[in-house]
Amino acid sequence: MRLAFIGLGVMGFPMAGHLAAAGHGVRVFNRSPDKARRWAEQHAGTACDSPGAAAQGAQLVALCVGADPDVRGLVPQILPALAPGGVIVDHTTTSAVLARDMAALAAASGCSFLDAPVSGGQAGAEAGRLTVMCGGDPDAFARVEPVIAAYARAIRLMGGPGAGQLTKMVNQIAIAGVVQGLAEALHFTLRAGLDPTDVLAAISQGAAQSWQMDNRWPTMAEGRFDFGFAVDWMRKDLGLVLDEAARNGARLDLTRQVDAWYAEVQALGGGRWDTSSLLARLEPPR
C-alpha cells in the first residue's frame, strides 16, 4: 500500500519503521526535517518537505502529532493529496469533538478519517505491540486494520467517529488511579521500613498485580523517573478527559484530584518525568 506517516516523535518514528519493514512504500514528514531525513536513511523511505507532498497519492496517511490544533491544521493539507477513497488514521490523542469534525471533513471529500489513539508507550511502539482503539467507518477500518497491525498487537473498532478517543480517555482514567494507588503503596512501604523488593515479590502475584506494578514499582523505588510517558502529556490527556466529563456529566473525582497532583509534580520540575513520578510528591527523588 502507498503510505505516508506524519509525525516522527518517540512513537511515530518506530511505528513508521514497522510499516516500512512490512514492505510498504512509506513517505514521511516531520516538523524537524533532520528527523525525517534520518528516518528515511534508516528505513529506505522518502522524506518530504510538506504534509501534502508526503500524502500525494497515498491510500493511507497516519498521523502521530501533538494535539487538536496540529491535527486540525494538517487534515485540510492532506485531503486534497490523498488517493480517491483514501484513509487518514490519526494516532494522536485528541478530543472526541475534533475526531468527529475531521471525520465529517474527510467524508465531504470522499475520504475517511479514523481516530485511532494508542496505548503501550514508546516501548510498545518500538516492539510493534501497541493497543489501538479506533472510531469511524467500519469499511475504512477493515481496509486499514491489516496495515496498522504492523505495529499493534490489539486493534479494535469501538464505534463511530470519536469512539476511539473516548476509549483512550477511559484508559487514562484507569491509569491515573492505578499509578496514584501504587505511589501511595510504595510511600507506605518505605515509611513502614519494609524492603520494596520483598513487598513486590509478596504482592505482585495476587490481586494487587498490574502492568504498572510490574513495570514501574522497581524504578519508583529507586527514584528514577527520567523515561516513559511524560507528566506533561498525561496532563494534556487528563484535560481532554475532564472536558469530556463536563459535557457528558460523568463524576471523575479521583481523576480530577490526580490531575491536580500531577500539577504539583510539574511544579517540582517533573513535567518530562514518567507518570510514575506521582511518588515524588510523597518521597522526593534521591
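In what follows, the structure referred to is the one given above.
Please read all numbers here as calculations on a predicted model, not as lab measurements.

The rules behind these values
Within each chain, residues carry numbers counting from 1 in the order of the written sequence. Whole-chain, interface and lining totals are the exception, using all residues; otherwise, since this is a predicted model, local features are given only for residues with pLDDT of at least 70 and side-chain atom pairs are given and counted only at 80 or more. Each side-chain value is derived from all of the structure's non-hydrogen atoms; neither hydrogens nor water enter the calculation. Runs of E in the DSSP output that reach at least two residues are strands. Runs of H or I that reach at least four are helices, and both are numbered from the N terminus. For a compact globule the rule gives 2.2 Å times the number of residues to the power 0.38, and the radius of gyration it is set against comes from C-alpha atoms. Relative accessible area decides the class of each residue, using a 1.4 Å probe on protein chains only: under 20% of the type maximum gives buried, over 50% gives exposed, and in between gives partly exposed. Throughout, a residue-residue contact means that at least one pair of heavy atoms, one from each residue, lies within 4.5 Å. All accessibility values rest on the Shrake-Rupley procedure with a 1.4 Å probe; residue burial counts only the protein chains present in the view. Neither His nor the chain ends is counted toward charge; the positive residues are Lys and Arg and the negative residues Asp and Glu. By convention, charge coordinates are those of NZ in Lys, CZ in Arg, CG in Asp, or CD in Glu. Think of a nonpolar core as a cluster: buried Ala, Val, Leu, Ile, Met, Phe, Trp, Tyr and Cys residues, connected wherever their side-chain atoms sit within 4.5 Å. Expected helix span is taken as 1.5 Å per residue step, with the number of steps being one fewer than the number of residues. Within this analysis, the arc is defined by the directions that extend from the helix axis to the C-beta atoms.

Explanation requested: the overall build of the chain in the structure shown.
When its secondary structure is counted, the chain shows 12 helices and nine strands. Relative to the 2.2 N^0.38 estimate, which gives 19 Å for 286 residues, the radius of gyration of the chain is 20 Å and therefore close to what a compact globule would have. Taken over the C-alpha atoms alone, the chain extends approximately 65 × 45 × 35 Å along its principal axes. Per-residue burial over the chain gives 49% buried out of 286 residues. Looking at the chain alone, contacts between residues at least 24 apart form 65% of all its contacts between residues at least 6 apart. Carbon together with sulfur atoms contributes 54% to the accessible area of the chain, which is approximately 12600 Å² in total. Distance between charge centres in the chain, computed from 24 positive and 27 negative side chains, equals 2 Å.

How should the nonpolar core be read in this particular structure?
Soluble globular proteins tend to bury their nonpolar side chains together. Among the nonpolar cores identified, the biggest contains 34 residues, and Phe5, Leu8, Met15, Val26, Trp39, Val132 and Tyr151 are the most heavily contacted of them. Look past the residues within four positions of Phe5 in its chain and what remains in contact with it is Gly12, Met15, Ala16, Leu19, Val26, Arg27, Val28, Phe29, Ala62, Cys64 and Tyr151. In terms of nonpolar packing, the next biggest core, distinct from the first, is built from 24 residues, Val75, Ala99, Ala103 and Ala106 among them.

What is the right way to look at helix H5 (residues 96-108) in this model?
Over its 13 residues, H5 runs 19 Å from end to end, which matches the ideal 18 Å to within 8%, given 1.5 Å per residue. Within the span of H5, buried status applies to Ala96, Leu98, Ala99, Met102, Ala103 and Ala106. Projection of H5 onto a plane perpendicular to its axis shows the buried side chains occupying an angular sector of 150°, all on one side. In this fold, the buried residues of H5 make contact with helix H4 (68-78), strand E6 (112-115), helix H8 (163-191) and helix H11 (231-248). Downstream of H5 by one or two residues, Gly110 has phi in the positive range, about 75°.

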